[in-house]
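Letter by letter, the chains look like this.
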Amino acid sequence: MKLLVSDTSPYARKCRILVHELGLGDRVEEVDAHPFQDGEILLEANPLGRVLALIMDDGRALTESLLIGTYLAAQADQPWGEDWDEWRLQTLGSGLIDLAVGRRVEMVRDEALYSDYWIGRRERGIARALDQLEPEAAGLSQPLGFAGLTIAVALDYLDFRYPEANWREARPHLIALHGFWSQRESFAVTRPPADA
Ligand SMILES: N[C@@H](CCC(=O)N[C@@H](CS)C(=O)NCC(=O)O)C(=O)O
């Protein structure tokens, strides 16, 4: 299998961490495919031009990090079950990534195109999601689950692209979850380059 990734994408990072944690490293080859370069391999796998994509052994490609994560877990004989709370928190963490990436995209546009409305809207959504996740993070039954992983990747992405969010302020459970993941090798080897 080929996993088309970019080293700054939090969506790609979720799945790269999973590959590592599930012990699938020898079956999955990472291929660098920055979305804004519109490379042939990426556009063929994902006509939407987004990272990430997984080219399966039969040549077909999957897109969307949640679907790819679900597929990888099944490949490792550890299928995700019907723990709907785990799914609920996972999608909230993923939505947090969406807002943080959306804000970042807005911030790097030409100043003339820059929209305070959209940046403010994203920032308010990020703050609300963090407030909801804080008490819930304490109840994450298995810190190694996909929900915890996704939330930790979202928090690390905030450190990377939106440190002014100050997500640590009065959020001890999120700090603990992030601290847990920060000690994992999978997290360390997938950290985006500081200067990117
Ligand atoms: N919902 C998708 C989001 C993927 C996504 O937006 N990836 C970003 C990179 S971080 C991208 O490729 N952006 C380029 C674009 O939207 O044109 C997923 O979960 O995989």
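Conventions used here
- Residues numbered from 1 in each chain as written.
- Predicted model: local features only at pLDDT ≥ 70, side-chain atom pairs only at ≥ 80, totals over all residues.
- Heavy atoms only, no water.
- Helix = DSSP H or I, 4+ residues; strand = E, 2+ residues; numbered from the N terminus.
- Buried < 20%, exposed > 50% of the residue type's maximum accessible area, 1.4 Å probe, protein only.
- Polar contact = N/O pair within 3.5 Å; in protein donor to acceptor, adjacent residues only side chain to side chain.
- Contact = heavy atoms within 4.5 Å.

Draft legend 1. Structural view of the side chain of R171. You can see R171 is positioned in the loop between α6 (146–161) and α7 (172–182). On the basis of relative accessibility, which here comes to 10%, the residue R171 falls in the buried class. Among the polar contacts listed, one links the side chain of R171 to the side chain of D131, at a separation of 2.8 Å. Polar side-chain contacts of R171 include one of 2.9 Å to the backbone oxygen of W167. Look past the residues within four positions of R171 in its chain and what remains in contact with it is A127, L130, D131, E134 and N166.

Draft legend 2. Local environment of the environment of I119. With respect to the secondary-structure elements, I119 resides in helix α5 (residues 116–138). On the accessibility criterion, I119 (7% relative accessible area) is buried. Remark: the alpha-carbon pair of I119 and V105, spanning 14 residues in sequence, is separated by 9.5 Å.

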